[in-house]
Amino acid sequence: MAGRPAPPVTQQVGRARGCGQRPEPGELREAARCLVVDADGRSIPFRALYGEQKAIVVFVRNFLCYTCKEYVEDLAKVPKAFLQEANVRLIVIGQSSYHHIKPFCNLTGYTHEMYVDPQREIYKMLGMKRGEGNNVSVRSPHVKSNTLLGSIRSMWRAMTGPAFDFQGDPAQQGGALILGPGNEVHFLHLDKNRLDHVPINKVLQLAGVKTVNFTNKPQIIDI
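Rules and cut-offs
- Residues numbered from 1 in each chain as written.
- Predicted model: local features only at pLDDT ≥ 70, side-chain atom pairs only at ≥ 80, totals over all residues.
- Heavy atoms only, no water.
- Core = buried A, V, L, I, M, F, W, Y, C linked by side-chain atoms within 4.5 Å.
- Buried < 20%, exposed > 50% of the residue type's maximum accessible area, 1.4 Å probe, protein only.
- Helix = DSSP H or I, 4+ residues; strand = E, 2+ residues; numbered from the N terminus.
- Contact = heavy atoms within 4.5 Å.
- Salt bridge = Lys/Arg side-chain N within 4 Å of Asp/Glu carboxyl O.
- Arc of directions from axis to C-beta.
- Phe/Tyr/Trp six-rings, centres within 6.5 Å; stacked < 30°, edge-to-face > 60°.
- Pairing = 2+ DSSP bridges.
- Axes fitted to C-alpha atoms, helices over the stretch in contact; angles between N-to-C directions.
- Parallel < 35°, antiparallel > 145°, perpendicular 65-115°, else oblique.
- Left-handed = near helix turned anticlockwise from the far one by under 90°.

As for the nonpolar core
- By size, the foremost hydrophobic cluster in this structure holds 35 residues, and its most contacted members are Ile56, Val58, Leu75, Tyr110 and Met114.
- Of all the secondary structure elements, the ones that give two or more residues to this core are β3 (54-59), α2 (66-75), α3 (80-86), β4 (88-94), α4 (101-108), β5 (113-116), β6 (175-179) and α7 (200-207).
- At five residues, the largest contribution of residues to this core is made by α7.
- In this view, methionine 114 contacts Asp38, Phe63, Val72, Val92, Ile101, Phe104 and Cys105; residues no more than four positions away in its chain are not counted.
- Ranked by size, the runner-up nonpolar core spans 23 residues in total, among them Ala31, Tyr115, Leu126 and Leu177.

Structural notes on the side chain of threonine 108
- In this fold, threonine 108 is placed in helix α4.
- For threonine 108, a relative accessible area of 8% puts it in the buried group.
- For threonine 108, the contacting residues outside a window of four places in its chain are Lys69, Val72, Glu73 and Ala76.

Considerations on the pattern of salt bridges
- Counted under the stated rule, the structure contains eight salt bridges.
- The partner of arginine 42 in a salt bridge is aspartate 38, with the nearest N and O atoms 3.0 Å apart.
- Where aspartate 40 meets arginine 42, a salt bridge forms, and the shortest distance between an N and an O atom there is 3.2 Å.
- Take aspartate 40: its relative accessible area is 44%, and that puts it in the partly exposed class.

Let's talk about α7
- The set of residues buried in α7 consists of Ile200, Val203, Leu204, Leu206 and Ala207. The buried side chains of α7 occupy one side of the element, clustering within an arc of 165° when seen end-on.
- Those residues of α7 that are buried lie in contact with β3, α2, β4, β6 and β7 (185-190).

Brief notes about the packing of aromatic side chains
- Scanning the model with the defined rule gives four aromatic pairs in all.
- Taken together, the aromatic side chains of Phe46, Tyr50, Phe59 and Tyr123 make up a single cluster linked through ring pairs.

Focus: the pairing of β7
- With six of its six residues buried, β7 lies for the most part within the structure.
- Connecting the antiparallel pair β6 and β7 is a turn made up of five residues, with glycine 180 showing a positive phi of about 80°.

Digging into the packing of α2 against α4
- Packing of α2 against α4 leaves a shortest axis separation of 9 Å and a crossing angle of 65°. By the angle class used here, α2 and α4 are roughly perpendicular. The chirality of how α2 crosses α4 is right-handed. On α4, the residues that touch Cys68, Lys69, Val72 and Glu73 of α2 are Phe104, Leu107 and Thr108.

Some thoughts on unusual backbone geometry
- Of note, the amide linkage connecting glycine 180 to proline 181 takes the cis form, showing an omega dihedral of -5°.
- Tracing the backbone through its elements, the reader meets proline 181 in the loop between β6 and β7.
- At asparagine 87, a residue that is not glycine, the phi angle is positive and equals roughly 60°.
- Along the polypeptide, asparagine 87 turns up in the loop between α3 and β4.
- A positive phi angle is found at arginine 120, which is not glycine, with a value near 60°.
- Along the chain, the position of arginine 120 falls in the loop between β5 and α5 (121-125).
- In this structure arginine 120 comes out as buried when scored by relative accessible area, which is 16%.

Here you go:
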C-alpha cells in the first residue's frame, strides 16, 4: 500500500545526520565519465543513468552482504508504476563482476536497473568509505537478520556459489544519491557502516515518489 506522494525536492540537500557533503561539481563530472557495467557485460557512462531523468542511485557494499541483500529485497517492493508516475529511475550499483548481477536479482526479486562498478572508481570519487565507523549506533529498518545469523548465511552463499568470492570488497561501504537531470545532486547519504542505510521511504519522498508500506500491517490513510 502506498502513502501520499511527496513533492520532489527543489533544492540540493546539505549535511544532516547520516548525510555526507554533496560532491563538488568537479567530483561529479569525474565520476560521470566512469563506466558502469550491466548484466550482459555492456559498459555505459555513469552519467547516462541520470543525465536525462532524475534517478535514485543506491550503491551497495557487496552482493554477498546479508544487509545489502535484505535492503535490496525491500527496494524490489517499490512498484514500477510509482517510479513511472514520478518519472524517476531506481538504480542499484554494486562493485563485483557483472556476472553476479543476474543471480543477485533472482535472489532478491529485484527487477529494476542494476549495474556494477568493478574497480570502485565511482565509490571512491563520491567519497564512500571503507571499514566500519567507530561508535556509530544505527539500525537499518530494512534489515531483519541479526549479525550472527546474517553473517553465517553470507558465508554459506560464498561457499556454495560457483566461485568462492565475496562479490566485491567486503570492507567497502555504500550510499544513496538522488541525481539529475543533468548534474543536479539533490541528496547524498554515505553509509557509516553496514546497517547505516537511509530509509527507502525517505529517499522516495525526496525524489517525489509515492512511499511503500514495507510491513504487513494495514496502513491508515487520511482522506
